[in-house]
Amino acid sequence: MSKHQEIEAYRQQLRECVKCGTCRAHCPVFKEVQSEAVVARGKISLAQALLDGKIDLDRHLLSDISQCLACGRCVKDCPNQVPTDEIILALRRRIGREKGLTLFGRGVSTVLQRPWLMNLLTRLGRMFSWLAFRKVPQGSGLRLRFPAPYISRDRTIPAIAPQAFRQSHPEFIAGDPDKPLVTFFTGCMINYMLPEIGDSVLAALQSLGANILIPKDQGCCGLPALCAGDGAGAARLADRNLDALTAHKADVIITACASCHSGLTKHFRSLGPDHAQLADKVMDIHEFLLQQGFVEKLEQLPRRNNPQPVAYHVPCHLRQAGLKEAPRQLLAALPSVRLVEMKNADSCCGLGGTFSVYHYDISKKLGALKAEGIRDSEAEVVATACPGCIMQLQDTLNHAGLPQQVCHVLEMVAADLKNAEPQ
Amino acid sequence: MLEKRIIAILQDIVGKEYVSTEQADRICYSYDATQQQFNPDVVVRPADAEQISLILKMANAEKIPVYPRGAASGFTGGSVPIKGGIALVLTRLNRILRIDQDNLIAEVEPGVITATLQKAVEEVGLFYPPDPASLKFSTLGGNVAECAGGPRCVKYGVTKDYVLGMEVVTPQGDIIRTGGETMKGVVGYDLTKLMVGCEGTLGVITKIILKLIPKPEAKKTMLVMFDSIDGAAQAVSSIIRGKIIPTTLEFMDATALACVRQNADLDIPDAARAVLIIEVDGERELLERQAARIMDIASPLGVVHTRVAVSDEESEQIWQVRRSVSPSLRKVNPDKYNEDICVPRSKLPDMIRAIEAISKRLEIPIVNFGHAGDGNIHVNIMVNRAIEGHEEKAETAIRDIFAKTLELGGTMSGEHGVGTSKAPYIPMELDVATIAYMKAIKRALDPNNILNPGKIFLEDQ
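Residues numbered from 1 in each chain as written. Chains lettered and ligands numbered in written order. Predicted model: local features only at pLDDT ≥ 70, side-chain atom pairs only at ≥ 80, totals over all residues. Heavy atoms only, no water.

**Some details on the overall build of chain A**
Phase 1: Helix and strand counts for chain A stand at 23 helices and 11 strands.
Phase 2: The buried share of chain A, taken over its 423 residues, is 61%.
Phase 3: Within chain A, contacts between residues at least 6 apart in sequence are counted, and of these 78% link residues at least 24 apart.
Phase 4: Per element, the accessible surface of chain A, about 17400 Å² overall, is 53% carbon and sulfur. (Helix = DSSP H or I, 4+ residues; strand = E, 2+ residues; numbered from the N terminus. Buried < 20%, exposed > 50% of the residue type's maximum accessible area, 1.4 Å probe, protein only. Contact = heavy atoms within 4.5 Å. Areas by Shrake-Rupley, 256 points an atom, 1.4 Å probe, with all protein chains shown as cover.)

So, in structure tokens, the structure goes:
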């Protein structure tokens, strides 16, 4: 099985950090925590100290290494482009190997590696949802509670979908034979929790006449396992996706989750040439639609009176991939949308995968920053391009008691396509 | 290592959660942008002047070194705890206390990020000009302690020109006030000027009163490429002799241009051997005229190509050329010694030529760029420490460059300070009596030598 590089392999890159401190201006966690150990420059020093045998993997160090959203800002804005994100993941793999995964990390990794278990759990979750999901008193702004272990008591998360997306759709949906064959990588959030995003993706692709493949054997992208420090588990997932996604010769593999996109395009490249080839084929749905001339298509739809004010939240993982403008361009072209600006549109929602489980207090503070921007904007809807951000933003709005809706850009696209159909 | 007793006292003063002896924290507060590392024994994050006063009184009684620290982005080791002891992290003192639009002043705590203050004052139409390259993360306390400069200093002056007064905790723990909030004030010694640039050796700054000015209405950015450094340098002198003081007058020499030629968004012809980036600001209608006059002055001096930005994006593109130099240096060699000498503006070509000769003689690349408008050159001596002899060559180059700088009537540091990096060279610039005078001040104010010891002066000097 393929493997990621060990932390030792990053010695040269560690040396390229000149401790200038630029990362202090960009790290969202540092803004809240104000401890040097949190910022990239500090983590690089800790990694160096670890390699030089000047520090042990003690509890304190583990906590410092866990404080990262993997948003990639420190890398993008670093004068020397030191890959701190990769270095942190390598540190976490070493921690996972030497100290074992945390209970939650082990849980995440175990479940996400086994679709049958995920399916079983979601079925059980639905059966017992009258126990797990309690209606919150009206007017509190909190919609759902999920008092599961390791999930903070006041965290709100979406309900589990009645039926998983991949179970309710055939593996192949034929389109126009002249049109491209598109493989849809759904990711876990869309598959189990927000299948309506998946439906919207299909609607957009079908409007282009694309042939769509939704491989049944695809799994989790592997990013959660990687972030939890389970290198072996993440690599196993990557290998499985490699098989599932390359079984048919699709022209392109699309994702509608910014985090899955980051997982598939960035984090498994180093596992081998096959993985790198796969990564080259993956495209974010917004990027793909733009490439297919979708903006022109949308602009031909009849304009709506009183378009709804919509703000766009930039997912960190699209920002990192240099694709942050693509969803905005689609939104701007929608006949029922009036794109409005909001303060902090670019700031991290605060989810950071498992980060928000370990550091929900910081996560909520980052969320509050977003809420401030949303409150002060004219927006009735906040659209974004990542189901993870959607979950976090909804939680944020619930806590702030704000009425705005959060949705995926593709849901808005699909709604306008549907509206334009002859009645 | 400090005794448990001392740690307990510190915890009593600032609260348990703001004192750490964890190895991870000791490592994370051991460095600055010089990359030297010296672990402190304890990291302490006080909240106010009273706590700092108690810490310093205790440190005096116990003879423990105290190292004040802001963002630790300095280039000369000013905040590095070279003798262990207490790393005194001042970033919790991060409030803008007031912006007084009637008197055009701001009162801030030392942990405020420079850019944060600039944004806040610009929102009400005011302006705080000093703009060190680190302004997005460096703190005002650090800026004041080092007397930071920046590109805009040609027209607006450096940090010391904007500090009206301060609250300072003395090395022995008294809380004193220097200067005030008036534009004038001559009662007693000018302790404000003494504190600015003292590199944290004479006191811990806990409040700063800063002068503000009205925000200029508009600015205009120009890029002028010359076929020689002499042309560029002559243009600098001629512009200033022509009674125009641009906001910025940045230059890049041929070595710096070579670094960015491939990656720049703008085309840099091979014939260009030096570049000036000139910015003027002020009332919109005056800018066109100023820009035209500058172009007139420069044109007979071997201009290869010019570009005047007509939009913010174009202006940004021009600045990007300058900003991309630092990151691209790594391609030349992995390690750099970054000096910030300053010579009289008219001596710029002599200095550049001398540096070129030193670079050739020692066979190590030296890349020059910086603030031509005030003769401040960032000299980057690029070496590879892994190669035997490189470190010694760098040492020789630094000494030769400083010698030439002083010969031309310059100074070995325009804006970075002395810290530990330049301490060995101080006797080249200052005579014995001057050093003795400075050290007498330090001794009188800090008899136990507990505040930032080992900086500016070497112990045996």
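**Digging into the sheet that holds strand E1 (residues 19–20) of chain B**
Paired through backbone hydrogen bonds, the strands of a sheet run either parallel or antiparallel to each other.
Residues and elements named next belong to chain B.
Phase 1: Within the open sheet, the four strands sit side by side as E1-E2-E4-E3. Their pairing is mixed. Looking along the sheet, the strands with just one partner apiece sit at the ends: E1 and strand E3 (66–69).
Phase 2: In the sheet, E1 pairs with strand E2 (residues 42–44) via two bridges, with the strands oriented antiparallel. For Val 19, the partnering residue across the bridge sits in E2 and is Val 44.
Phase 3: Each of E2, E3 and strand E4 (86–89) is contacted by helix H3 (residues 49–62), which is oriented at about 165° to E4, the strand it contacts most. (Pairing = 2+ DSSP bridges. Axes fitted to C-alpha atoms, helices over the stretch in contact; angles between N-to-C directions.)

**Points about the UniProt feature "domain: FAD-binding PCMH-type" (unreviewed entry) in chain B**
Phase 1: Mapped onto the present numbering, the UniProt feature "domain: FAD-binding PCMH-type" (unreviewed entry) falls at residues 36–215 of chain B.
Phase 2: In residues 36–215 of chain B, helix accounts for 22% and strand for 24%; the two terminal C-alpha atoms are 39 Å from one another. (UniProt positions renumbered as here; feature names shortened; annotations may be inferred.)

**Examining the packing of aromatic side chains**
All names here are of chain B.
Phase 1: Inspection of the entire model under this criterion finds four aromatic pairs over all chains.
Phase 2: With a centroid separation of 5.5 Å and an interplanar angle of 75°, the aromatic rings of Phe 127 and Tyr 156 are classed as edge-to-face. Of this pair, Phe 127 sits in strand E7 (residues 126–127) while Tyr 156 sits in helix H6 (residues 153–156), placing them 29 residues apart in sequence. Note on accessibility: Phe 127 and Tyr 156 belong to one class, buried.
Phase 3: Note that Arg 69 overlies the ring of Tyr 31, its terminal NZ or CZ placed 6.0 Å from the centroid. (Phe/Tyr/Trp six-rings, centres within 6.5 Å; stacked < 30°, edge-to-face > 60°. Lys NZ or Arg CZ within 6 Å of the ring centre and 35° of its normal.)

**Remarks on the domain arrangement of chain A**
Residues and elements named next belong to chain A.
Phase 1: You can read the domains of chain A as domain 1 (7–99), domain 2 (165–213 + 245–291) and domain 3 (302–420).
Phase 2: Taken together, the contact pairs 23 residues of domain 2 with 23 residues of domain 3.
Phase 3: Roughly 1800 Å² is buried in total at the junction of domain 2 and domain 3, and carbon and sulfur atoms are behind 79% of that figure.
Phase 4: Looking only at domain 2, the three residues that lose the most surface to domain 3 are Ala 258, His 286 and Leu 290, adding up to 30% of its buried area.
Phase 5: At the junction of domain 2 and domain 3, the tally comes to zero salt bridges.
Phase 6: Elements supplying a minimum of two residues to the side of domain 2 that touches domain 3: helix H10 (187–193), helix H11 (195–207), helix H14 (258–267) and helix H16 (285–291).
Phase 7: With seven residues, H11 is the largest single contributor of residues to the side of domain 2 that touches domain 3. (Domains from an automatic or database assignment. Buried area = accessible area lost by both parts, 1.4 Å probe. Salt bridge = Lys/Arg side-chain N within 4 Å of Asp/Glu carboxyl O.)

**Looking at the interface of chain A and chain B**
Phase 1: Contact with chain A, which involves 28 residues of that partner, is made by 24 residues of chain B.
Phase 2: A combined buried area of about 2100 Å² lies between chain A and chain B, and 53% of that area is made up of carbon and sulfur atoms.
Phase 3: Here chain A and chain B share one salt bridge between them.
Phase 4: Notably, a salt bridge pairs Arg15(A) with Asp335(B), separated by 3.1 Å at the nearest N-O pair.
Phase 5: Where chain A touches chain B, the interface holds eight residue pairs in polar contact (both at pLDDT 80 or more). (Polar contact = N/O pair within 3.5 Å; in protein donor to acceptor, adjacent residues only side chain to side chain.)

**Some words on unusual backbone geometry**
Leaving glycine aside, a negative phi is the common case for residues, and trans is the common case for peptide bonds.
Phase 1: Residue Cys147(B) is not a glycine yet carries a positive backbone phi of 55°.
Phase 2: Structurally, the position occupied by Cys147(B) is in the loop between helix H5 (140–146) and H6.

**Some remarks on the pattern of salt bridges**
Phase 1: Tallying each qualifying case throughout the model produces 42 salt bridges over all chains.
Phase 2: The partner of Lys155(B) in a salt bridge is Asp281(B), with the nearest N and O atoms 2.6 Å apart. Of this pair, Lys155(B) sits in helix H6 while Asp281(B) is found in strand E14 (residues 274–282), placing the two residues 126 residues apart along the sequence.
Phase 3: Residue class for Lys155(B) comes out partly exposed when judged on its relative accessible area of 33%.
Phase 4: The class for Asp281(B) is buried, based on a relative accessible area of 7%.
Phase 5: Ionic contacts of the salt-bridge type, sharing partners, join the residues Arg15(A), Asp335(B), Arg385(B) and Glu391(B) into one network.

**Remarks on the packing of helix H8 (residues 229–241) of chain B against helix H13 (residues 348–362) of chain B**
Residue and element names in this part refer to chain B.
Phase 1: Contact geometry of H8 with H13 gives a least axis separation of 9 Å together with a crossing angle of 150°. Taken as axis vectors, H8 and H13 run roughly antiparallel relative to one another. With respect to the hand of their crossing, H8 and H13 are arranged in right-handed fashion. Contacts between H8 and H13 involve Ile 229, Asp 230 and Ala 233 from the first element and Leu 348, Pro 349, Ile 352 and Arg 353 from the second. (Parallel < 35°, antiparallel > 145°, perpendicular 65-115°, else oblique. Left-handed = near helix turned anticlockwise from the far one by under 90°.)

**Quick look at the packing of helix H1 (residues 4–14) of chain B against H3(B)**
All names here are of chain B.
Phase 1: As a packed pair, H1 and H3 sit with axes 9 Å apart at the nearest point and diverge in direction by 165°. Our classification of the angle between H1 and H3 gives roughly antiparallel. The hand of the H1/H3 crossing is right-handed. Counting all contacts with H1, which are made through Arg 5, Ile 6, Ile 9, Leu 10, Ile 13 and Val 14, the residues of H3 involved are Gln 51, Leu 54, Ile 55, Met 58 and Glu 62.
Phase 2: Considering only residue class, the contact of H1 with H3 consists of eight nonpolar, one polar and two charged. (Nonpolar A, V, L, I, M, F, W, Y, C, P; charged D, E, K, R; others polar.)

**Here's the deal with a nonpolar patch on the surface**
Phase 1: The grouping of Tyr189(B), Leu191(B), Leu194(B) and Leu445(B) at the surface amounts to a nonpolar patch, some 390 Å² of accessible area in total.
Phase 2: Relative to the helices and strands, Leu445(B) is located in helix H16 (residues 432–445). (Patch = residues over 30% accessible without salt bridge, like charges linked within 9 Å, V, L, I, M, F, W, Y side chains within 5 Å.)

**Looking at the sheet that holds strand E5 (residues 211–213) of chain A**
Residues and elements named next belong to chain A.
Phase 1: Overall, mixed pairing links the five strands, which are arranged E3-E5-E4-E6-E7 in an open sheet. Here the strands that pair on one side only, and so sit at the sheet edges, are strand E3 (172–173) and strand E7 (282–284).
Phase 2: H14 contacts strand E4 (181–185), strand E6 (252–255) and E7 of the sheet and is inclined by roughly 155° relative to E7.

**A word on the domain arrangement of chain B**
Phase 1: The domains assigned to chain B are domain 1 (4–89), domain 2 (96–214), domain 3 (216–332) and domain 4 (333–417).
Phase 2: When each unit is reduced to the centre of its C-alpha atoms, the spacing between domain 1 of chain B and domain 3 of chain B is 43 Å.

**A few points about helix H10 (residues 284–298) of chain B**
Residue and element names in this part refer to chain B.
Phase 1: Over its 15 residues, H10 runs 22 Å from end to end, which matches the ideal 21 Å to within 8%, given 1.5 Å per residue.
Phase 2: Residues of H10 that are buried: Leu 287, Ala 291, Ile 294, Met 295, Ile 297 and Ala 298. Along H10, the residues classed as buried sweep out an arc of 160° about the axis, all on the same side. With respect to the buried face of H10, the exposed residues turned more than 90 degrees away are Glu 285, Glu 288, Arg 289 and Asp 296.
Phase 3: Those residues of H10 that are buried lie in contact with strand E12 (218–226), H8, E14 and strand E15 (303–308). (Expected span 1.5 Å × (residues − 1). Arc of directions from axis to C-beta.)

**Remarks on the confidence of the model for chain A**
Regions with low pLDDT carry predicted coordinates that are not meant to be interpreted in detail.
Phase 1: Summing up the model confidence of chain A, the mean pLDDT is 87 and the portion of residues at 70 or higher is 90%.
Phase 2: Per-residue pLDDT stays below 50 along residues 130–151 of chain A; that stretch engages in 42 contacts with residues further than four places along the chain or on separate chains. (pLDDT = per-residue confidence, 0-100.)

**As for the environment of Val89(B)**
Phase 1: Tracing the sequence through the fold places Val89(B) in strand E4.
Phase 2: When near neighbours in sequence (up to four residues on either side) are disregarded, Val89(B) contacts Tyr29(B), Val43(B), Val44(B), Arg45(B), Pro46(B) and Arg69(B).

**Remarks on the pairing of strand E18 (residues 376–383) of chain B**
Each regular strand shows side chains that alternate between the opposite faces of the sheet.
Residue and element names in this part refer to chain B.
Phase 1: Of all eight residues in E18, eight are buried; the element is thus mostly enclosed.
Phase 2: Relative to E18, strand E16 (residues 335–339) runs antiparallel, the two being bridged by five bridges. The residue bridging Lys 336 from the neighbouring strand is Met 382, located in E18.
Phase 3: Here strand E17 (residues 366–371) runs beside E18; their pairing, made up of six bridges, is antiparallel. Note that in E18 the partner of Val 367 across the bridge is Asn 380.
Phase 4: The turn linking E17 back onto E18 is made up of four residues, and Gly 375 within it adopts a positive phi angle of 70°.

**Concerning the pairing of strand E9 (residues 175–179) of chain B**
All names here are of chain B.
Phase 1: Across five bridges, the pairing between strand E8 (residues 163–169) and E9 is antiparallel. The partner of Val 169 across the bridge, within E9, is Ile 175.
Phase 2: Where E8 folds back onto E9 in an antiparallel hairpin, the turn is made up of five residues, including Gly 173, whose phi is positive at roughly 100°.

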